[in-house]
Each structure stands twice: as structure tokens, then as C-alpha cells.
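# Analysis of the macromolecular model
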Amino acid sequence: MQTRLAERFRGTALGEEADAILRACVHCGFCLATCPTYQLLGDEDDSPRGRIYLLKQLFEGEAVGERTRLHLDRCLLCRSCETTCPSGVRYHRLLDLGREVLERERPRPLRQRALRALLRAVLPHRTRFAAALALGRALRPLLPGVLREKVPPAAAAAPWPRVQAARRVLLLEGCVQPVLRPAVDAALARVLADLGVEVVRAAQAGCCGAISHHLGAAEAARDLARRNIDAWWPHLEAGAEAVVASASGCGLMLREYGELLGADPAYAERARRLAERVRDPAELVAALDWRRLGRPGAGRRVAFHVPCTLRHGLRAAEQAEALLRGLGFELLPVADAHLCCGSAGTYSLLEPTLAGALRARRLAALTAGGPQEILTANIGCLAHLAAASPVSVRHWLEAVAEGLEGAGAARA
């Protein structure tokens with residue numbers, strides 16, 4: 001694609017990066033076949049290729065308005081198009097750059113700004129989110145249906161294993177998952193404890209920054225990333241082998257800290273080195289002697305919903321599926337498994353109609369084979385699917401840990 005950057009972008013790091021990504025696109029259209037919003041809406045502007053043209057107009061200085069914002073907002077950032085693209089176009093990065101420029105140069109209407117500010121003020125802060133969720137649960141019978149489904153019933157916590165081991169990994173506890181599903185991280189700690197690895201929690205670490213980043217608040221996301229690096233760095237220097245996040249969306253954000261802070265001279269090198277040590281739980285367990293766990297999934301017929309962040313971002317879907325099969329789970333075939341469920345961080349809150357339609361399609365595919373339950377690897381997908389699923393939806397780590405406990409009781 002030929003481009004002609006607007007004067008204000010020439011010679012800038014942002015402009016040069018956007019220009020290089022734009023020029024990589026060859027208009028082939030392969031991305032249309034795997035784009036969830038294009039499949040739903042049939043509008044070229046709601047496809048990656050169409051959005052790339054809109055971003056080209058932005059970076060070439062053409063007047064852009066709410067129509068451009070509408071189509072960019074409808075993107076789930078699922079990255080299915082990147083898996084399909086034969087030219088390796090880094091679409092997600094181009095969209096991030098474009099959204100950052102658009103937020104800065106063309107402020108949203110007040111109502112939209114207020115909603116996004118509220119989400120950023122609550123979701124990345126665990127204590128605030130817990131208080132808001134408790135209030136929502138108390139008022140749940142009075143809430144309209146769209147809001148009611150966003151308030152799940154309380155989930156039980158699980159005991160944290162007491163273990164001290166020579167091998168240690170750092171855990172990103174994050175913000176949303178410990179409140180919505182507190183048993184997931186305990187399940188991860190239990191699985192790793194059985195494999196001789198201790199999970200360490202750093203008190204000063206918090207939100208990975210993904211929520212702010214994808215809401216256009218790039219500097220707020222960088223601040224959160226810097227805080228996490230400061231919290232983890234002493235542990236990494238003391239011998240912690242990796243940083244692990246049980247939510248694949250958070251793991252992907254951590255994996256891209258080097259890109260996020262690449263222009264920060266004080267943090268760029270540490271961000272890059274930390275990002276290299278980020279592991280998804282499936283990657284981490286698969287690299288250990290996981291056969292010691294036995295077959296905790298034996299007898300369980302499940303549908304595995306691979307989150308987009310795990311499939312198209314971390315590129316660890318096959319590894320996760322192979323691990324689950326090795327642990328005894330029977331994974332049922334799922335049609336169009338590469339497509340997004342519609343959760344996509346805050347997308348299901350900001351675009352509920354599209355998110356609901358995508359969820360209905362995914363649940364139809366996931367339940368077609370009659371699974372006993374649906375397993376997944378990301379808290380957003382879990383909560384979104386569970387709100388409408390006819391069968392139980394859990395994190396795969398919960399299912400594995402439950403099987404380990406049952407095996408332990410049987411041996412006793």
C-alpha cells in the first residue's frame with residue numbers, strides 16, 4: 001500500500017511505525033474471511049482491510065469523524081486477521097496507534113468519555129471493582145437485563161497451597177479475575193506446587209494495563225506497566241524464572257511491555273527483558289514434567305474455548321489443547337474455533353449487541369457436541385460465556401486442580 005504521511009506525522013516515531021505497517025498491507029482481503037465483525041455485518045469498513053483504509057486516511061491527514069471512530073470501536077482486536085494475513089501486517093499495533101491519535105485529536109462526546117473514564121476508574125483497581133460488584137449483586141434484582149447479566153453470582157475462593165520450592169515464578173494477580181473468580185489463581189498455584197514450583201505474589205503489582213490501553217489511555221497503561229516492572233524486578237533478579245498470568249488477555253499484555261515502553265529510556269530494557277520471561281500457564285506447565293500430575297481430566301468430555309489472546313496473540317492454542325488431552329480431557333470438536341466470543345475486554349460492555357450476537361454463535365458451536373462443561377483460559381471469555389451458557393464454564397486450571405484433589409482423596 002502506497003502512503004503519504006501528513007506533515008505532522010513525518011519524522012515521528014509514531015508516524016514512521018504506522019507508515020511501515022500500512023505499507024505492508026497488499027489489499028489481498030484474506031482477513032475478511034476470519035473477521036468476526038465483517039461476518040456479522042458484511043460491511044467492508046467493519047473488516048481489517050476497511051479499517052486499515054480508514055487509518056490510512058487518518059495518518060495522511062484527511063478529515064475523519066465519528067464514522068471512522070464507529071468502525072474502529074467495533075473492532076474486537078481479536079487478531080484473527082493477523083493469523084490469516086500472508087503479509088504479516090501488525091494490524092493490532094496500527095489500530096492502537098490510530099486510536100491513540102484519535103483520542104488525542106478528536107475527543108469523544110461527553111457521554112462516551114464519562115463511561116470510559118468510569119470503566120478505567122473502577123475495573124483496574126481491585127478494591128473498587130470488588131465494592132462495585134458487591135453493590136451490583138445487592139441490587140441485581142432491580143437492574144435491567146443488560147446490566148443484570150454482567151453481575152455474576154459470587155464464586156467461592158480456594159485454599160492457597162503452602163509450598164516453598166527452589167523454583168519460583170511470579171504471578172500477575174491482576175484486577176478483575178481475583179474478584180470474579182478467586183479460585184483460578186489458587187488452582188494455578190496448586191498445579192505448579194505439584195510440579196515443584198512455588199508461585200510468588202508481589203504486593204505492589206496490579207492491573208496489567210490492558211483495560212486502559214484498549215480504551216485509548218496509553219499513558220495510563222504505561223504507568224501501570226512501570227509499576228508492575230518495579231514490583232517484579234527485585235524478584236526476577238533474585239531468581240524468579242518467569243512471570244505468569246492465568247488470564248491469557250493479561251499474559252498477552254505483559255508479553256508486549258517491550259513494545260509499550262519501547263520509547264521510555266528508563267524502562268525500555270527492563271520491559272523487554274521482562275516480556276521475554278512471560279509465560280501462559282499452558283506454556284509453563286507443558287515445559288515441566290506435567291505427566292507427574294496423572295490424568296486429572298479422565299472421564300471429562302469438554303469443549304475448550306481458546307481465547308483469541310491465547311490463539312492469535314500468544315500463539316499457544318495447540319500447546320494448551322495438547323496439554324489438556326495429555327491430562328486426560330476429551331476435547332470435543334468446535335466449529336469455527338478461531339472466532340471471537342465477543343468478550344474482548346470491555347467490548348461486551350461498550351458494544352453489547354455485537355458482543356451478544358458473537359456469544360450466541362460461539363455457544364452454539366461450543367455446546368453442539370454435548371460437553372459436560374466448557375473450559376477456557378481467560379476471565380473475560382469465562383464471564384461473558386457463563387452469563388448465557390446452558391452448561392458450566394470454568395477456567396481449565398480449575399478443572400485440573402479439581403481432578404488433582406479427587407485423585408489425592410482417592411489415594412488417601
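Residues numbered from 1 in each chain as written. Predicted model: local features only at pLDDT ≥ 70, side-chain atom pairs only at ≥ 80, totals over all residues. Heavy atoms only, no water.

In the nomenclature of an unreviewed UniProt entry, the protein chain is known as Glycolate oxidase iron-sulfur subunit of Inmirania thermothiophila.

### Examining the sheet that holds strand β7 (residues 373–376)
Spatial strand order, β6-β5-β7-β8: four strands in an open sheet with parallel pairing. At either end of the open sheet lies a strand with only one pairing partner, and these are β6 (330–331) and β8 (392–395). Note that strand β5 (residues 301–304) and β6 share two bridges and pair parallel. Considered in β6, the bridge of arginine 301 is made with glutamate 330. On top of the sheet, helix α22 (residues 379–386) reaches β7 and β8; it is set at about 175° to β8, its chief contact. (Pairing = 2+ DSSP bridges. Helix = DSSP H or I, 4+ residues; strand = E, 2+ residues; numbered from the N terminus. Contact = heavy atoms within 4.5 Å. Axes fitted to C-alpha atoms, helices over the stretch in contact; angles between N-to-C directions.)

### Here we look at the pattern of salt bridges
Should the charged atoms of two oppositely charged side chains come close, the side chains can pair. In this structure the tally under the stated criterion is 37 salt bridges. Between arginine 69 and glutamate 66 there is a salt bridge, with the nearest N and O atoms lying 3.3 Å from each other. In this pair, arginine 69 and glutamate 66 both sit in helix α4 (residues 66–73), three residues apart, roughly one turn of the helix. Overall, glutamate 66 belongs to the partly exposed group, its relative accessible area being 35%. With a closest N to O distance of 3.6 Å, glutamate 66 and arginine 106 form a salt bridge. One end of the pair, glutamate 66, is in helix α4; the other, arginine 106, is in the loop between α6 (91–105) and α7 (110–122), and 40 residues separate them in sequence. (Salt bridge = Lys/Arg side-chain N within 4 Å of Asp/Glu carboxyl O. Buried < 20%, exposed > 50% of the residue type's maximum accessible area, 1.4 Å probe, protein only.)

### What to know about the domain arrangement of the protein chain
For the protein chain, the domain assignment lists domain 1 (7–105) and domain 2 (292–410). Across the contact, 15 residues belong to domain 1 and 14 residues belong to domain 2. Counting each side, the surface lost to burial between domain 1 and domain 2 is near 1300 Å², with a carbon and sulfur contribution of 66%. If you look at where domain 1 meets domain 2, you find zero salt bridges. Counting the contacts that link domain 1 with domain 2 gives two residue pairs in polar contact (both at pLDDT 80 or more). Taken together, the elements giving at least two residues each to the side of domain 1 that touches domain 2 come down to α2 (36–41) and α5 (80–84). In terms of residue class, the side of domain 1 that touches domain 2 is built from six nonpolar, five polar and four charged. (Domains from an automatic or database assignment. Buried area = accessible area lost by both parts, 1.4 Å probe. Polar contact = N/O pair within 3.5 Å; in protein donor to acceptor, adjacent residues only side chain to side chain. Nonpolar A, V, L, I, M, F, W, Y, C, P; charged D, E, K, R; others polar.)

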